[in-house]
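Summary of structural features
Here is how the chains run, residue by residue.
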Amino acid sequence: MTFVTVGSENGADIQIHYRDHGSGSPVVLIHGYPLDGNSWERQERELLAAGYRCISYDRRGFGSSSQPATGYDYDTFAADLKALLDHLALREDVVLAGFSMGTGEVTRYLGTYGSGGVRKAALFGVIPPFLLQTDDNPKGVPGEVFEGIKQAIVADRYAYFDDFFANFYNTDVLAPGRIGDAALRASFQVAAGSGPYATYHCVDTWLTDFRADLPKIDVPVLVVHGTADRILPFEATAARLRDEKLIADLTLVEVKDGPHNIGWTHPEELNPAFLDFLAG
C-alpha cells in the first residue's frame, strides 16, 4: 500500500493512503463523506481508458488513511492534498476533481496555494460557496440542521448512516434501478469503517465559508450537480456559483432529478461531461 506522511499525533505518523494508476495527464480524485477513494470507480475506469493517470486518496479519518483526532478542517485537508501533490511531484497539467466534501479541498487548495501546475478543476455535488445560513448568507441552511446531524451521530452513528445514504442516493425514487441493495450495503460498510471522531467532526467542516477562495480560482471549472440533491441542495450551492458569478470561468451541468452521488447513479451524464471538459 502507498502512503504519504502528513504529520504526527502522539509520536505516530499521520498517513494518507493513495492509489496511482495509469499514465498521461494526471487527474487527482478527492472523495466525498463518508466514503473513500474507491468511490470513484465509475469514473476511474473511463478516465484510464481515455489515457489519463488517476490518483485517488483517502481523506484523513477515512478509508485506509490514518484516523487521528486532529486536523478536521479545510486548511489541513488542503495541506494534506498539497503534501500528496508534492510527494508525487505533480507540478504541471494537473486536474483536481472533487466530489461533495472533496469540492472543499479543491476550492481551499486553489484559494490558498494558487493554481500553479493545475490546468482545470472539476466539482461534483458542490459544497461551496457557504452552506451555513447567516445574516449575510440568507440562502444557506439553518445551523440547527447540522446540530441535529451531530446529535444523530452521537446517538447511533450506524443508524445515522442508514438515513444519510437514503438521501445520498434518493433511494425512495432511484432504488433499485440506479442504486442497488448491494451497492448501498457497500457504501454503508465503507462508512462504518471510518473513524468515529472523523465522522462527527467533519460535520462542522461543512459550514466552512469558501466565499473568499472562489475569486482566486483562475482556471476553468466544471460543476456537475443533481437538481434533486438532498445533501447539498442545488439552489444553495451550484446555482449560486452560477447565478452570483462566483467563479470566473465556470461550466455548470445540471443533472435533472439527480441525487447527491450522481457519480454512481448517473455516470452516463457525468462521465461524458467530465471527459469533454478534460479534453477541451
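Residues numbered from 1 in each chain as written. Predicted model: local features only at pLDDT ≥ 70, side-chain atom pairs only at ≥ 80, totals over all residues. Heavy atoms only, no water.

That bond from Tyr33 to Pro34 is cis: its omega, -5°, falls within 30 degrees of zero. Inspection of the secondary structure puts Pro34 in the loop between strand S3 (26-30) and helix H1 (41-49). Here the amide bond leading from Ala175 into Pro176 is cis, since omega sits at -5°, within 30 degrees of zero. By secondary structure assignment, the location of Pro176 is in the loop between helix H5 (171-174) and helix H6 (181-192). Although it is not a glycine, Ala89 adopts a positive phi angle of roughly 55°. Within the secondary structure layout, Ala89 lies in the loop between helix H2 (74-87) and strand S5 (94-99). (Helix = DSSP H or I, 4+ residues; strand = E, 2+ residues; numbered from the N terminus.)

Before going further, it helps to examine the pairing of strand S1 (residues 2-9). Two elements, S1 and strand S2 (residues 12-21), share seven bridges in a ladder whose sense is antiparallel. Opposite Ser8, over in S2, you have Asp13 as the bridge partner. (Pairing = 2+ DSSP bridges.)

What follows is about the sheet that holds S3. Taking strand neighbours across the sheet as the criterion, the eight strands line up as S1-S2-S4-S3-S5-S6-S7-S8 in an open arrangement whose pairing is mixed. A single partner strand is all that each edge strand has here, and the edge strands are S1 and strand S8 (250-255). This sheet shows a mean twist of 20° between the axes of neighbouring strands, independent of strand direction. In this sheet, S5 lies alongside S3 in parallel orientation, the contact comprising four bridges. Across the sheet, residue Val28 finds its bridge partner in S5, namely Leu96. Contacts from H2 reach S1, S2, S3, strand S4 (53-57) and S5, with the element oriented near 135° to S1. (Axes fitted to C-alpha atoms, helices over the stretch in contact; angles between N-to-C directions. Contact = heavy atoms within 4.5 Å.)

Tallied over the full model, the rule gives 19 salt bridges. For the salt bridge of Glu244 with Lys139, the shortest nitrogen-to-oxygen distance reads 3.6 Å. Linking Glu244 in the loop between helix H8 (238-243) and S8 with Lys139 in the loop between strand S6 (118-124) and helix H4 (143-168), this pair joins segments that are 105 residues apart in sequence. Connected through salt bridges with shared partners, the residues Asp75, Arg108 and Asp213 form a single ionic network. (Salt bridge = Lys/Arg side-chain N within 4 Å of Asp/Glu carboxyl O.)

With that out of the way, let us pick up the packing of H4 against H6. In the contact formed by H4 and H6, the axes pass within 10 Å of each other and the chain directions differ by 140°. Considering their axes alone, H4 and H6 lie oblique with respect to each other. Both H4 and H6 take part in a crossing whose hand is right-handed. Contacts between H4 and H6 pair Arg157, Tyr158, Phe161, Asp162 and Phe165 from the former with Leu184, Ser187, Phe188, Ala191 and Ala192 from the latter. For the contact of H4 with H6, the residue count by class is seven nonpolar, one polar and two charged. (Parallel < 35°, antiparallel > 145°, perpendicular 65-115°, else oblique. Left-handed = near helix turned anticlockwise from the far one by under 90°. Nonpolar A, V, L, I, M, F, W, Y, C, P; charged D, E, K, R; others polar.)

This next bit is on the pairing of strand S7 (residues 221-226). The element S7 is extensively covered by neighbouring structure, given that six of its six residues are classed as buried. Alternating positions in S7 separate into two faces, Val221, Val223 and His225 on one and Leu222, Val224 and Gly226 on the other, with burial throughout. In this sheet, S7 lies alongside S6 in parallel orientation, the contact comprising four bridges. Across the sheet, Phe124 pairs through a bridge with Val224, a residue of S7. For S7 and S8, the ladder comprises six bridges, and the chain directions are parallel. Note that in S8 the partner of Leu222 across the bridge is Thr251. (Buried < 20%, exposed > 50% of the residue type's maximum accessible area, 1.4 Å probe, protein only.)

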